[in-house]
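Summary of the model geometry
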Amino acid sequence: MRLLGIAWLLTALLLGLSAPQVFAQPAPVRVAIVGLEHGHVVGFLNQFPKQSDAQLVGIVDADVALRNKYAQQFHLDPSLFYATLDDLFAHRQPQALLVYTSIAQHRRVIEAAAAHNLAVMVEKPLTLSLDDALAIRRVAREHHVQVLVNYETTWYPSNRGLFDLLRHGSLGDLRKAVIHDGHQGPKEIGVQPEFLNWLTDPAQNGAGALYDFGCYGADLMTWFMHGEAPLSVTAVAQTDRPETYPHVDDDATIILRYPRAQAVLMPSWDWPFGRKDTEVYGTKGYAIAVNPTVIRERVAEASPEVTLGTPPLPPPQDTSLHYLAAVVRGQLDPDHDLTSLDTNVVVMQILDAARQSARTGKTVPLHPLPE
């Protein structure tokens, strides 16, 4: 190899060719975090030192104790912290915001970010209601900013594998999906007190498990259906542990009816252990994403079920920070994918209808959304 390299260089010199160009890496995207009351912020703070696509330039939270807690835990410079968004905007120039407030605060933060022409990535779900989702869509269009929604399951290679099997026709036409998401319960798994406080408040979280985990299945099914909304939504929700969750549901089932398909979403804070697995059934076979990297597939009655490993997702599809940086730089269009605003407006249409159905005991028909 070394001799070949010397020979190439001599040939290049003789022919007057220039040496290969070395392209500079783009500067990291400047990102600020808004809110520390959402426990998933820990994952992002752990991501920042492991990548070069995004640089943390500020953190906003009004709670001094929370700011001190995270500054000490992650050895962060105190100068990164601000009490308000206005303080952040006055002293830093972020290009994007990561939002880790309660769900009820998403719309307010997105509207403030749009006024400063900043991209935003919020933790799932997008917001509390369809009305809020449509308002967010209006302000994003008006200011031409990207609004993304982060789901852990977006970065599962197995879910991409299911999508590709459906897209390539290996399973035939999609007829049914069954999607399980949840864990033993936020209190049972020991989430942070500030996280538990708003998760169990319907005014801050929208509902309990129905919103917290129902959004995963609604997001995946909307993606599988290429943005198509269901014809109707039917849901039941209950509280199996009223002594722990007196104000919100801890278990739910949501049925989505499409012209030629159905989906059954099973969000719960009452599983015996954590799970996020997805089953899809087509006219030719089925495939089950049993965990983030493994799929079980069967495509003929006479054929046995086979287990498929899925390769890691390539950057920038592999992590939320890589993805956000690519979108901000204009290298990636999130249109109709799992993170995109158009997908997640449909997700909110589903969740809003599911909440209404669970409350009234009636199936809720869906109507086309205004453009």
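Just above sits the structure.
Residues numbered from 1 in each chain as written. Predicted model: local features only at pLDDT ≥ 70, side-chain atom pairs only at ≥ 80, totals over all residues. Heavy atoms only, no water.

Quick look at unusual backbone geometry
Trans peptide bonds make up most of the peptide bonds, and negative phi angles are found at most residues other than glycine. Residue K124 is joined to P125 through a cis peptide bond whose omega torsion reads -15°. Residues P315 and P316 are joined by a peptide bond in cis, for which omega reads 5°. Looking at where P316 falls in the secondary structure, it is placed in the loop between β14 (306–309) and α13 (320–328). One non-glycine residue, N117, lies in the positive phi region at around 60°. Residue classification places N117 among the exposed residues on the basis of a relative accessible area of 54%. (Helix = DSSP H or I, 4+ residues; strand = E, 2+ residues; numbered from the N terminus. Buried < 20%, exposed > 50% of the residue type's maximum accessible area, 1.4 Å probe, protein only.)

Looking at the pattern of salt bridges
Applying the stated criterion across every chain, the model contains 14 salt bridges. Notably, a salt bridge pairs D352 with R355, separated by 3.5 Å at the nearest N-O pair. Residue D352 and its partner R355 are both found in helix α14 (residues 341–360); the two are separated by three residues, about one turn of the helix. The partly exposed category is assigned to R355, whose relative accessible area is 23%. Overlapping salt bridges bring together E188, R241, D250 and D270 as one network. (Salt bridge = Lys/Arg side-chain N within 4 Å of Asp/Glu carboxyl O.)

Description of the sheet that holds strand β10 (residues 261–268)
Pairing is mixed in the open sheet, where nine strands are placed in the order β14-β13-β12-β11-β7-β10-β9-β8-β15. Of all strands in the sheet, those bounded by a partner on one side alone are β14 and β15 (364–365). Two elements, strand β7 (residues 174–182) and strand β11 (residues 275–282), share eight bridges in a ladder whose sense is antiparallel. If you follow L174 over to β11, its bridge partner there is G282. (Pairing = 2+ DSSP bridges.)

Here we look at the environment of Q349
In this fold, Q349 is placed in helix α14. When the C-alpha positions of Q349 and L369 are compared, they lie 8.7 Å apart, and in sequence the two are 20 residues distant. For Q349, the residues in contact, after removing those within four places along its chain, are L130, A229, L366, H367 and L369. (Contact = heavy atoms within 4.5 Å.)

Some words on the side chain of E279
Within the element layout of this structure, E279 appears in strand β11. This buried residue, E279, is left without a salt bridge; R275 holds the nearest opposite charge, at 5.4 Å. A distance of 2.6 Å separates the side chain of E279 from the side chain of Y281, its partner in a polar contact. Apart from the residues lying within four places of it in its own chain, the contact partners of E279 are K176, A177, V178, H180, A287 and I288. (Lys, Arg positive; Asp, Glu negative; His and termini not counted. Polar contact = N/O pair within 3.5 Å; in protein donor to acceptor, adjacent residues only side chain to side chain.)

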